[in-house]
Amino acid sequence: MNPLAYLGEQLDAWRAEGTLQRLRVLESECAPLARFDGRDVINLASNNYLGLTTHPLLLEAALEATRRYGVGSGAVRTISGTMSLHVELEEKIARFKNVEGCVVFQSGFTANAGTVSAILGPEDHIVSDALNHASIIDGCRLSRAKIHVYAHKDVAQAEEKLAAASQAGGRVLLISDGVFSMDGDIGPLPKLVELAERYGAIMMVDDAHASGVLGRNGRGTVDHFGLHGRVQIQVGTLSKAIGALGGYVCGSRDLIEFLHQRGRPFLFSTSHPPAVAATCIAAFDVLEQEPQRIGQLWENTRYFKEQLTKEGFDTGVSETPITPVMVGEAAAAHAFSAALFEEGVLATGIGFPTVPKGKARVRTIVTATHTREHLDRALEAFRRAGRKLGLLAA
Ligand SMILES: *Cc1c(COP(=O)(O)O)cnc(C)c1O
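For clarity, every value in this text was computed on a predicted model and none was experimentally measured.

### With respect to the pairing of strand β10 (residues 322-328)
The side chains of a regular strand alternate, residue by residue, between the two faces of the sheet.
Part 1 of the reasoning: For β10, a buried count of 6 out of 7 residues is recorded, marking the element as mostly surrounded by other parts of the structure.
Part 2 of the reasoning: Across 6 bridges, the pairing between β10 and strand β13 (residues 360-365) is antiparallel. Each residue of the ladder has a partner; that of M326, found in β13, is R361.

### Examining unusual backbone geometry
Part 1 of the reasoning: Within the chain, N98 stands out as a residue other than glycine whose phi angle is a positive 60°.
Part 2 of the reasoning: Relative to the helices and strands, N98 resides in the loop between α3 (84-97) and β3 (101-105).
Part 3 of the reasoning: Its identity as a non-glycine residue notwithstanding, R144 has a phi of 65°, on the positive side.

### Side note on a nonpolar patch on the surface
Part 1 of the reasoning: Taken together, L4, Y6 and L7 make up a surface patch of nonpolar side chains, about 310 Å² in accessible area.
Part 2 of the reasoning: Looking at the element boundaries, Y6 is found in helix α1 (residues 5-17).

### What to know about the nonpolar core
Part 1 of the reasoning: The biggest cluster of nonpolar side chains holds 38 residues, and the ones touching the most others in it are Y49, L50, L89, I93, L238, Y248 and F284.
Part 2 of the reasoning: Residue assignment for this core shows that the elements contributing at least two residues are α2 (56-69), α3, β3, β9 (247-251), α11 (274-289) and α12 (292-311).
Part 3 of the reasoning: Counting residues per element, this core draws most heavily on α11, at 10 residues.
Part 4 of the reasoning: Here this core gathers at least three residues from each of two domains, domain 1 (18-49 + 291-388) and domain 2 (56-289).
Part 5 of the reasoning: For L238, the contacting residues outside a window of four places in its chain are L89, I93, V104, G243, A244, L245, G246, G247, Y248, C280 and F284.
Part 6 of the reasoning: Of all hydrophobic cores here, the second largest spans 25 residues; its members include Y303, F313, V345 and A381.

### Remarks on the packing of helix α4 (residues 108-119) against helix α9 (residues 253-262)
Part 1 of the reasoning: Taken N-terminus to C-terminus, the directions of α4 and α9 make an angle of 95°; their axes are 10 Å apart at the nearest point. Classed by the angle they form, the pair α4 and α9 counts as roughly perpendicular. Touching G114, T115, A118 and I119 of α4 are L255, F258, L259 and R262, all from α9.

### Observations concerning the packing of aromatic side chains
Part 1 of the reasoning: Scanning the entire structure with this criterion turns up 7 aromatic pairs.
Part 2 of the reasoning: Relative to F382, the ring of F304 lies with its centre 6.2 Å away and its plane at 80°, an arrangement referred to as edge-to-face. With F304 in helix α12 and F382 in helix α14 (residues 372-388), this pair connects stretches of sequence that are 78 residues apart. Side by side, F304 and F382 carry an identical accessibility label, which is buried.
Part 3 of the reasoning: Taken together, the aromatic side chains of F304, F313, F336 and F382 make up a single cluster linked through ring pairs.
Part 4 of the reasoning: Cation over ring: R24 sits above F341, and NZ or CZ is 3.7 Å from the ring centre.
Part 5 of the reasoning: A cation over an aromatic ring shows up here: K357 above the ring of F352, its NZ or CZ 4.3 Å from the ring centre.

### Thoughts on the site of the ligand
Part 1 of the reasoning: What surrounds the ligand is a group of 15 residues, the closest being G108, D206, T237, S239 and K240.
Part 2 of the reasoning: Out of a free accessible area of 380 Å², the ligand has 86% covered by protein chains.
Part 3 of the reasoning: Along the lines of polarity and charge, the residues of the shell around the ligand split into 2 nonpolar, 10 polar and 3 charged.

### Overview of the side chain of K240
Part 1 of the reasoning: As for its placement among the helices and strands, K240 is situated in the loop between β8 (233-237) and β9.
Part 2 of the reasoning: In this structure K240 is buried but unpaired, with D206 as the nearest side chain of opposite charge at 6.9 Å.
Part 3 of the reasoning: Residues in contact with K240, not counting those within four places in the same chain, are N47, N48, Y49, A208 and H209.

### Structural notes on the sheet that holds strand β12 (residues 348-350)
Part 1 of the reasoning: Pairing is antiparallel across the open sheet formed by 3 strands, whose spatial order is β10-β13-β12. Of all the strands in the sheet, just β10 and β12 have a single pairing partner and so form its edges. With strand direction ignored, the average angle separating the axes of adjacent strands in the sheet is 30°.
Part 2 of the reasoning: Relative to β13, β12 is paired through 3 bridges, and the arrangement is antiparallel. Along β13, the bridge assignment pairs G349 with V362.
Part 3 of the reasoning: Helix-sheet contacts for helix α13 (residues 330-342) involve β10, β12 and β13, and the interaxial angle to β13 is about 40°.

### Digging into the domain arrangement of the protein chain
Part 1 of the reasoning: One can read the domain layout of the protein chain as domain 1 (18-49 + 291-388) and domain 2 (56-289).
Part 2 of the reasoning: Taking the mean C-alpha position of each, domain 1 and domain 2 sit 27 Å from one another.
Part 3 of the reasoning: With 21 residues of domain 1 at the interface, the matching set in domain 2 holds 21 residues.
Part 4 of the reasoning: The interface formed by domain 1 and domain 2 holds 2 salt bridges in total.
Part 5 of the reasoning: We note a salt bridge from D183 to R361, for which the minimum N-O separation is 3.2 Å.
Part 6 of the reasoning: For the pair domain 1 and domain 2, the number of links is 9 residue pairs in polar contact (both at pLDDT 80 or more).
Part 7 of the reasoning: A per-element tally of the side of domain 1 that touches domain 2 places α12 first, with 5 residues.
Part 8 of the reasoning: Taken together, the residues that form the side of domain 1 that touches domain 2 break down as 11 nonpolar, 6 polar and 4 charged.

### Quick look at the side chain of S128
Part 1 of the reasoning: Relative to the helices and strands, S128 resides in strand β4 (residues 125-129).
Part 2 of the reasoning: Side-chain polar atoms of S128 contact the side chain of N132, separated by 3.0 Å.
Part 3 of the reasoning: Contacts of S128, omitting those with residues within four sequence positions, involve I136, H148, V149, Y150 and I175.

About the criteria used
Residues numbered from 1 in each chain as written. Predicted model: local features only at pLDDT ≥ 70, side-chain atom pairs only at ≥ 80, totals over all residues. Heavy atoms only, no water. Buried < 20%, exposed > 50% of the residue type's maximum accessible area, 1.4 Å probe, protein only. Helix = DSSP H or I, 4+ residues; strand = E, 2+ residues; numbered from the N terminus. Pairing = 2+ DSSP bridges. Patch = residues over 30% accessible without salt bridge, like charges linked within 9 Å, V, L, I, M, F, W, Y side chains within 5 Å. Areas by Shrake-Rupley, 256 points an atom, 1.4 Å probe, with all protein chains shown as cover. Salt bridge = Lys/Arg side-chain N within 4 Å of Asp/Glu carboxyl O. Core = buried A, V, L, I, M, F, W, Y, C linked by side-chain atoms within 4.5 Å. Domains from an automatic or database assignment. Contact = heavy atoms within 4.5 Å. Axes fitted to C-alpha atoms, helices over the stretch in contact; angles between N-to-C directions. Parallel < 35°, antiparallel > 145°, perpendicular 65-115°, else oblique. Phe/Tyr/Trp six-rings, centres within 6.5 Å; stacked < 30°, edge-to-face > 60°. Lys NZ or Arg CZ within 6 Å of the ring centre and 35° of its normal. Near = heavy atom within 4 Å. Nonpolar A, V, L, I, M, F, W, Y, C, P; charged D, E, K, R; others polar. Lys, Arg positive; Asp, Glu negative; His and termini not counted. Polar contact = N/O pair within 3.5 Å; in protein donor to acceptor, adjacent residues only side chain to side chain.

Structure follows, in structure tokens:
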């Protein structure tokens, strides 16, 4: 008897439904034109917004740090794994974001989960957007605080939940993604911040998809909306536009020092290799010195969205480079993604449980380094695959 037999049965069921995820294997560097599964395709499936994964200054920084400091840090941050490069990166990010302090985690996921679980306990309350990222949800669960979910971007409902929570005793955290990762829409931060202030709640924003994308030089949604000093906790990622790996938390000196004491991934998981820290330091220089990359990202976004809409595709509620093409059922989204791959484009099909049932889509993200020719070829592939699958009139 195989006690794990049920896993195979579940996999067979997903296979029969057409919703089993297959892993595409990237055999080149992550670039606008990349080789997946032996095929050169236009890559519309990365979070490499600014093309920094292959930026020469970042490559050089990584190599130099490796030569000088080796490939690993040797310990968790609190034992002996805090290297001068880690401190330099945190100071750099804090200056960039104009906040008192910053702490870097191994990933955006651990930054969210580690922070929420550290600062709240069972007596506390969390008011959270229904479409917040999985790492926020896990952090909320780990904190054992009471979780109150409001409908996506529904500020009135958020207020009801905040009002009730603030009567119940305990601390209250109001938390939202800055940019929502599956729909590409922007959180209603000015209104949420006002509510947090009215009810005395802590305001926290997860800017994973806004870091390097929105705000001056990519400073994120707090900068985009001019909310400086009014959001107590800002999370960003180093794994998307920054091009490497990691997550960071920005806020007051006390918040950062508290996370040094109680942030579990910080305490119990080894810090980044020197190459990663050095890469990220160089990336923040690039954000300051090459703002034209962000300009090009938004120009490409505008063009690609406009053309998709003109073709008759439904791009949902996107306001950012994340542009979903809505399909409906998960199996259809996966079939559309497969047809696009045949036409030379990688765009991932996304279905339940990542997005609600019936709202499956193919998600695209253009980057600053896609050329107009790449985008036109991709649009042609969308036309052909869309007709083949009956998403567009023949
Ligand atoms: C990608 C993502 C994260 C996780 O970031 P990683 O650095 O990849 O772990 C967190 N929040 C949101 C909204 C994201 O899209």
